[in-house]
Amino acid sequence: MRRGSFSLKDLPAWCVLNDVAFANVKATDIEGRGLGSVAEKDLIDEGGNSEAPTLLTIPRDLVLSAEGVEEYAKENKDFRQLLDTAGHRSTRGDVLLFLLVQLVLSSPDYMGGLGPATPWTQYFSLLPSHVPTPTMWTESELSHLRGTSLEPAVSAKLTALTKEFDDLREKVATLPFWDEVFSIDELITVQDWILLDALYRSRSLGLPQSGEAMVPCLDLVNHSNEANAYFEENKNGEVVLRLREGYKVLSGSEITIDYGRDKSPAEMLFSYGFVDPGSVARSIILPLEPLSDDPLATAKLHAFGTSPKLKVAQNENGTVYWTAPFAYLMCLNEEDGLQFKVLQETDGSRHLKMFWQDTDITNEPGAIVNHIRGHELYPIFELRVITILLTIFREKYEELTNNRDRDETSGLARKEIWEAVSCLKSIETDIFEKCIKLLDDEETRLFGDEIVLKYLNSTMPDQNDLAAEAANDEEDFS
């Protein structure tokens, strides 16, 4: 759907009308950074007991949170109908429905009536029509993610967004007004829904009181690992941007906030469309799947309760470590002492229970390592887990390095996207390489463990038995 027109030069008037106050700061277009905010004069925080200088104040009624969506639904009966039919599942989903209405209201393609415009209707037209998050990349650009932890995440997200849009279309088909809006020349498409999701992911933030929300004008402040400003909510519910204690910002310099210093490079690229090379956060999250030949696979997944994940990370000293509670569950079987039982309640309901050595551990599946650590075969369990993880790490490392030659040139990818993916691949390759070295050493140690050696020897066939079996086979053959 075509976007409405609202330029940056119109923003000051919009701010005056809606009580948004910039203080010695202005929004502007920054080369290589898109829209941002810069200081109009030297800004200094003297520290001490005085309150940090205020740079921007946004009134509470402009904050697009769960509360803000509900307030709009009270004013617009058509939106109330849409929200009650297709919403109330999550804050994100409700905000996306609100943004969808603003997209329609502000578009020159729409000539119908949909209630009065809001301050967000105009402001929405200022937001970019393309967001550099991977869900909005071309197929050629997405191909550069091959081998990274982001590849399956983006694929799953695009599938989920398509399903969300199809579900939305199905639900509005029961609402004559909205069905007509969606059906007129197919003005609203799945690409619009993908855009709204990208805008929300790249511009939402967590507020202390209002929770997950979008805040106009504050979303024009870019990220820096060494941010010179921070935001908060005051007692009136206003969102306030302040200069960090002890900081000095020269006139013309950019005002920045921290989008999340603990977010991994993949998460930054997924949500915001860039990788911060100065960030010290180094981690990778991969999906874990049960072993294909495990007869208890379905029961294990059900008992675990959430989608299994493998997280590998590197601290500031360069040391790597991993966490994967489900990996221990993957490596256990009935012979070890793992059991599943179905409990039937008096009301007829049935529940799956998980036991380790006859102890009920149903309520703590993620802590199973604490239960098995005292078992005499714990080194064997460790070796099984390490063998599985080594296989995963080696496959990912090989996939990344094999694609390196193909990615020597950006091809059809935009320069900033190719550079971001190259940075991500370099970081993840380094982490996988270190993990392989760490687990190789641990595997070598375990193969020298007396318990492991004794266990492995006990599982090897007796040589006399092998000779007898061979003799029998020869006799049968003759």
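In the block above lies the structure referred to throughout.
My aim in this report is to walk through the structure given alongside it, one point at a time. Bear in mind that the values here come from a model prediction, so they are computed numbers and not experimental data.

A separate point is the overall build of the protein. Of regular secondary structure, the protein possesses 17 helices and 18 strands. When each of the 478 residues of the protein is scored for burial, the buried share is 47%. Roughly 24700 Å² of accessible area belongs to the protein as shown, and the carbon and sulfur atoms make up 49% of that amount. The protein carries 45 positive and 81 negative side-chain charges, and their two centres are separated by 6 Å.

Let us look at helix α10 (residues 265-272). Within α10, seven of the eight residues are buried, which leaves the element mostly enclosed by the surrounding structure. By the burial criterion, the buried members of α10 are Pro265, Ala266, Met268, Leu269, Phe270, Ser271 and Tyr272. Looking at the buried side of α10, the elements it contacts are α7 (150-172), α9 (190-203), β8 (222-223), β13 (282-287) and α15 (415-447). Trailing α10 by a residue or two, glycine 273 shows a phi angle of about 90 degrees, which is positive.

Counting 76 residues, the largest nonpolar core has Leu11, Phe79 and Ile255 as the members making the most contacts within it. Per-element accounting of this core gives the leading share, nine residues, to helix α4 (residues 91-106). Those residues in contact with isoleucine 255 that lie beyond four places of it in its chain are Val25, Ser37, Val38, Ala39, Leu43, Leu55, Val221, Asn222, Asn228, Ala229, Leu241 and Val249. The next biggest cluster of nonpolar side chains, apart from the first, holds 59 residues, and it includes Val385, Phe393, Ala420 and Cys435.

Owing to its 3.6 residues per turn, the α-helix brings residues three or four apart onto one side. With 16 residues, α4 should cover 22 Å at 1.5 Å per step; its first-to-last C-alpha distance of 22 Å lies within 8% of that length. For α4, the buried fraction is high: 14 of the 16 residues fall into the buried class.

Relative to the helices and strands, asparagine 402 resides in helix α14 (residues 378-402). Its relative accessible area of 53% is what places asparagine 402 among the exposed residues.

With that settled, the discussion passes to the environment of threonine 387. Position of threonine 387 among the secondary structure elements: in helix α14. Residue classification places threonine 387 among the partly exposed positions, given a relative accessible area of 36%. Residues threonine 387 and histidine 88, spaced 299 residues apart in sequence, show a C-alpha to C-alpha distance of 44 Å. Here the side chain of threonine 387 touches leucine 383 through a polar contact of 2.7 Å, landing on its backbone oxygen.

Strand order in the open sheet made by the three strands is β13-β14-β15, with antiparallel pairing throughout. For this open sheet the edge positions go to β13 and β15 (320-323), each flanked by a neighbour on one side alone. Taking the axes of each pair of neighbouring strands and ignoring which way they run, one obtains an average angle of 15 degrees across the sheet. Bridge count for β13 against strand β14 (residues 309-314) is six bridges, and the pairing is antiparallel.

Attention now moves to the pattern of salt bridges. Here the structure, examined in full by the defined rule, presents 25 salt bridges. A salt bridge links aspartate 84 to arginine 80; the shortest N-O distance between them is 3.2 Å. Here aspartate 84 and its partner arginine 80 are both found in helix α3 (residues 77-86), four residues apart, which amounts to about one turn of the helix. Note that lysine 300 and aspartate 294 form a salt bridge whose closest N and O atoms lie 2.7 Å from each other. There is no split in this pair, since lysine 300 and aspartate 294 are both buried.

It is worth spelling out unusual backbone geometry at this point. Of note, aspartate 19 is a non-glycine position whose phi angle comes to about 60 degrees, a positive value. Mapped onto the elements, aspartate 19 comes out in the loop between α1 (11-17) and β1 (21-22). With a phi angle near 50 degrees, glutamine 357 is a residue other than glycine that sits in the positive phi range. In this structure, glutamine 357 sits in the loop between β17 (350-356) and β18 (359-360).

How each quantity is defined
- Residues numbered from 1 in each chain as written.
- Predicted model: local features only at pLDDT ≥ 70, side-chain atom pairs only at ≥ 80, totals over all residues.
- Heavy atoms only, no water.
- Helix = DSSP H or I, 4+ residues; strand = E, 2+ residues; numbered from the N terminus.
- Buried < 20%, exposed > 50% of the residue type's maximum accessible area, 1.4 Å probe, protein only.
- Areas by Shrake-Rupley, 256 points an atom, 1.4 Å probe, with all protein chains shown as cover.
- Lys, Arg positive; Asp, Glu negative; His and termini not counted.
- Charge placed at Lys NZ, Arg CZ, Asp CG, Glu CD.
- Contact = heavy atoms within 4.5 Å.
- Core = buried A, V, L, I, M, F, W, Y, C linked by side-chain atoms within 4.5 Å.
- Expected span 1.5 Å × (residues − 1).
- Polar contact = N/O pair within 3.5 Å; in protein donor to acceptor, adjacent residues only side chain to side chain.
- Pairing = 2+ DSSP bridges.
- Axes fitted to C-alpha atoms, helices over the stretch in contact; angles between N-to-C directions.
- Salt bridge = Lys/Arg side-chain N within 4 Å of Asp/Glu carboxyl O.

Worth remembering: the numbers are spatial, not functional.
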